[in-house]
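Observations on the model geometry
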Amino acid sequence: MQTSEQATNETVQQAWGKRPLIISGPCSAETEEQLVATAQRLAATGRVDMLRAGIWKPRTKPGMFEGVGAKGLPWLQQAKKLTGLPTTVEVATGKQVQDALTFDVDVLWIGARTTVNPFSVQEVADALRGTNVPVMIKNPINPDLELWAGAVERIARAGVKQIGLIHRGFSSYGNTEFRNAPMWHLAIEMKLKYPHLVFINDPSHICGRRDILLDTMQKAIDLDYDGLMIESHIDPDNAWSDAKQQVTPERLAEMLDTIIWRKEDISSEEYHAALEKLRQQINQLDDELMQILSQRMKIAEQIGTYKKENNITILQTNRWNEIIERATAKGDKIGLSKEFITKYFDAVHMESINHQKKVLDS
Ligand code: PEP
Ligand code: MN
């Protein structure tokens, strides 16, 4: 007993340390046959390091399939026995942690709907105290990095040494291309904050559909993620949950073959990954700049209203000279040239005048 447990531990450690770390399996364990067959077909591809399956499924609405519950845990044990793949399941309560560990689940993960709730995360953390199981934490459904970081801290304080982050995208209202908007810049910020945690992308829940999975997987690899968690099923169309996004084990292997793997030791590949990261940051800052400019124009419109009420001209040369002087002096201190500042503020001023003119003409 002791030796087989140790052997399992070693397999888990090997899997956890592997790059890229590929985790796959059904959204939900449905029957023992389905789970074991999925595991065997995944193992046969030779491309997968860990078997995932949802046992307890937090669903948006009641009446949907909520997972088979603890009776599925022996199925995972059986799948591991037959394939040698370490297993991982989602846990949301202290009892689920205990049940999963009783049935030798090797790695646990906290789902997006649990990460949002500090009480639940704390309950899971308390149940983990004294164990040495690796834990992966999905991003919360809302784009709140502090909440995600808070969950990491709660789990770390419980003494968990091996922590992973799973980026599964963020809920957004209305239809977008993605089921959950990836908001890559937020994930990158999290990765920069916790560079030593295993950083995994979950393209299945980001995409919610098969046709854009591969692009998202490639993007994650380009952005230097440590691994991927992808849902797979022996009969995706008839899956009991998340049917649209699951792929067969063979299709998964095909996609993994298609991906261009960015190697760490080829400097030009490293260069592209780094470049992409920086470009994401630039995009983010540009978005923020535009938001701020839009706010500035709204204030200019308010000034326009006062000017209209008091019958004052839009252009006030003194005020404008004061703005330029202030900006060029400040720009000089922070490395922005006088030429750039003047051009930039001229453009901003023109736009501001146009906004005010609209108010005066209304
Ligand atoms: C899942 O992995 O099947 C799942 C429920 O994911 P999430 O917590 O990201 O919604
Ligand atoms: Mn799912």
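Residues numbered from 1 in each chain as written. Chains lettered and ligands numbered in written order. Predicted model: local features only at pLDDT ≥ 70, side-chain atom pairs only at ≥ 80, totals over all residues. Heavy atoms only, no water.

**Structural notes on the coordination of the manganese ion (ligand 2)**
Just so we agree on the cut-off: The rule for donors is simple: an N, O or S atom within 2.8 Å of the metal counts, and for Na, K and Ca the reach is 3.2 Å. Water is not among the atoms, so a site may look short of donors. Remark: exposure states derive from per-residue accessible area (1.4 Å probe, protein chains only) relative to the maximum for the residue type, with buried under 20%, exposed over 50%, and partly exposed in between.
Those protein atoms acting as donors to the manganese ion (ligand 2) are C27 (SG), H205 (NE2), E231 (OE) and D242 (OD), and they sit at 2.0 to 2.4 Å. Relative accessible area serves as the criterion here: at 2%, C27 is assigned to the buried category.

**Brief notes about the site of ligand 1**
Our working rule: It suffices for a single heavy atom of a residue to lie within 4 Å of a molecule or strand for the residue to be listed as near it. Within 3.5 Å is the distance limit for a polar contact, defined as a pair of N or O atoms, with the added protein rule that one can donate a hydrogen and the other accept it, and that residues adjacent in sequence qualify only through two side-chain atoms. In this description, accessible areas are obtained by the Shrake-Rupley approach with a 1.4 Å probe, and a residue is regarded as covered only by the protein chains that are shown. Side-chain classes are defined by residue name, with Ala, Val, Leu, Ile, Met, Phe, Trp, Tyr, Cys and Pro counting as nonpolar, Asp, Glu, Lys and Arg as charged, and the others, Gly among them, as polar.
Around ligand 1, the neighbouring residues are C27, R52, K57, E90, W109, G111, A112, R113, K138, R168, H205 and E231. Here an oxygen atom of ligand 1 and a side-chain polar atom of R52 are 2.8 Å apart. Between an oxygen atom of ligand 1 and a side-chain N or O atom of K57, the distance comes to 2.8 Å. Across the complex, the protein chains shield 97% of the 290 Å² of accessible surface that ligand 1 would expose by itself. A breakdown of the residues in the shell around ligand 1 according to their chemical character gives 3 nonpolar, 2 polar and 7 charged.

**Thoughts on a negative patch on the surface**
As a reminder, the rule being used: What makes a patch is a set of residues exposed beyond 30% relative accessible area and free of salt bridges, joined within 9 Å when like-charged and within 5 Å when nonpolar (Val, Leu, Ile, Met, Phe, Trp, Tyr). Salt-bridge detection follows one rule: a side-chain nitrogen of Lys or Arg within 4 Å of a carboxyl oxygen of Asp or Glu. Charge assignment in this entry is limited to Lys and Arg as positive and Asp and Glu as negative, and neither His nor the chain termini are counted. Where a charge sits is defined by one atom per residue type, namely NZ (Lys), CZ (Arg), CG (Asp) or CD (Glu). By the criteria applied, helices consist of DSSP H or I runs no shorter than four residues and strands consist of E runs no shorter than two, each listed in order from the N terminus.
On the surface, a cluster of negative charge is made up of E189, D286, D287 and E288. Tracing the sequence through the fold places E288 in helix α12 (residues 267-310).

**Notes on the sheet that holds strand β3 (residues 87-90)**
Our working definition: When DSSP finds at least two bridges between two strands, those strands are taken to pair. To get an axis, fit a line to the C-alpha atoms, keeping to the stretch in contact for a helix; angles then go from 0 to 180 degrees between the N-to-C directions.
In space, the 8 strands of this closed barrel follow the order β1-β2-β3-β4-β5-β6-β7-β8, with parallel pairing throughout. Each strand axis lies, on average, 25° off the axis of its neighbour in the sheet, ignoring direction.

**Let's talk about the domain arrangement of the protein**
To keep it simple, the criterion reads: Domain segmentation is taken from an automatic or database assignment of domains. Should any heavy atoms of two residues lie within 4.5 Å, those residues are counted as being in contact. Summed over both partners, the accessible area lost on bringing two parts together, with a 1.4 Å probe, is the buried area.
By domain assignment, the protein separates into domain 1 (4-258) and domain 2 (269-361). For domain 1 and domain 2, the distance between their C-alpha centroids amounts to 45 Å. Taken together, the contact pairs 8 residues of domain 1 with 6 residues of domain 2. Taken over both partners, the interface formed by domain 1 and domain 2 buries close to 620 Å², and the fraction arising from carbon and sulfur atoms is 65%. Taken as a group, H185, I188 and L223 account for 54% of the area that domain 1 buries against domain 2, more than any other trio of residues on that side. Connecting domain 1 to domain 2 are 1 salt bridge. Here E276 and K219 are joined by a salt bridge, their closest N and O atoms 3.8 Å apart. At the junction of domain 1 with domain 2, the criterion picks out 1 residue pair in polar contact (both at pLDDT 80 or more). Put simply, the parts of the chain that give the side of domain 1 that touches domain 2 at least two residues each are α8 (184-193) and α10 (213-222).

**Concerning α10**
Counting buried residues in α10 gives 7 out of 10 residues, a clear majority hidden from the surface. Listed as buried for α10 are L213, T216, M217, Q218, A220, I221 and D222. Check the buried side of α10 and you find it contacts α8, β7 (198-201), α9 (203-207), β8 (227-231), α11 (249-258) and α12. Backbone geometry just after α10 places D224 at a positive phi near 70°.

**Some thoughts on helix α14 (residues 338-361)**
This is how it is decided: Expected span of a helix, by definition, is 1.5 Å for each gap between consecutive residues, and there is one gap fewer than residues.
Its 24 residues place the ends of α14 34 Å apart at the C-alpha level, agreeing with the 34 Å of an ideal helix rising 1.5 Å per residue. Looking at α14, one finds that the buried residues are I341, F345, V348, H349, S352, I353, H355, Q356 and V359. Turning to α14, the residues buried within the fold contact α12 and α13 (317-333).

**Points about the nonpolar core**
The test is simple: In these notes, a set of buried Ala, Val, Leu, Ile, Met, Phe, Trp, Tyr and Cys residues joined through side-chain atoms within 4.5 Å is what counts as a nonpolar core.
Formed by 65 residues in total, the largest nonpolar core has its most connected members in V89, L108, L128, I137, I155 and L228. Here this core takes 6 residues from helix α7 (residues 145-157), the largest share from any one element. Judged by nonpolar contacts, the second largest core, of 13 residues, contains M50, V107, I200 and M229.

**A closer look at the side chain of R52**
Structurally, the position occupied by R52 is in strand β2 (residues 50-52). A distance of 3.2 Å separates a polar side-chain atom of R52 from the backbone oxygen of P26. A distance of 2.9 Å separates the side chain of R52 from the backbone oxygen of C27, its partner in a polar contact. In contact with R52, other than residues within four places in its own chain, are I23, S24, G25, P26, C27, K57, T88, W109, K138, H205, M229 and E231.

**Overview of the pairing of β3**
Stated formally: Handedness of a crossover is defined as follows: with both strands directed away from the viewer, a clockwise route from the first strand across the helix to the second makes it right-handed.
Where burial is concerned, the two faces of β3 agree: the one with T87 and V89 and the one with T88 and E90 are both buried. As paired elements, β2 and β3 share 2 bridges and run parallel to each other. When the bridges of β3 are listed, L51 appears paired with T87. Assessed by its sense of winding, the connection that carries the chain from β2 through helix α3 (residues 73-83) to β3 is right-handed.

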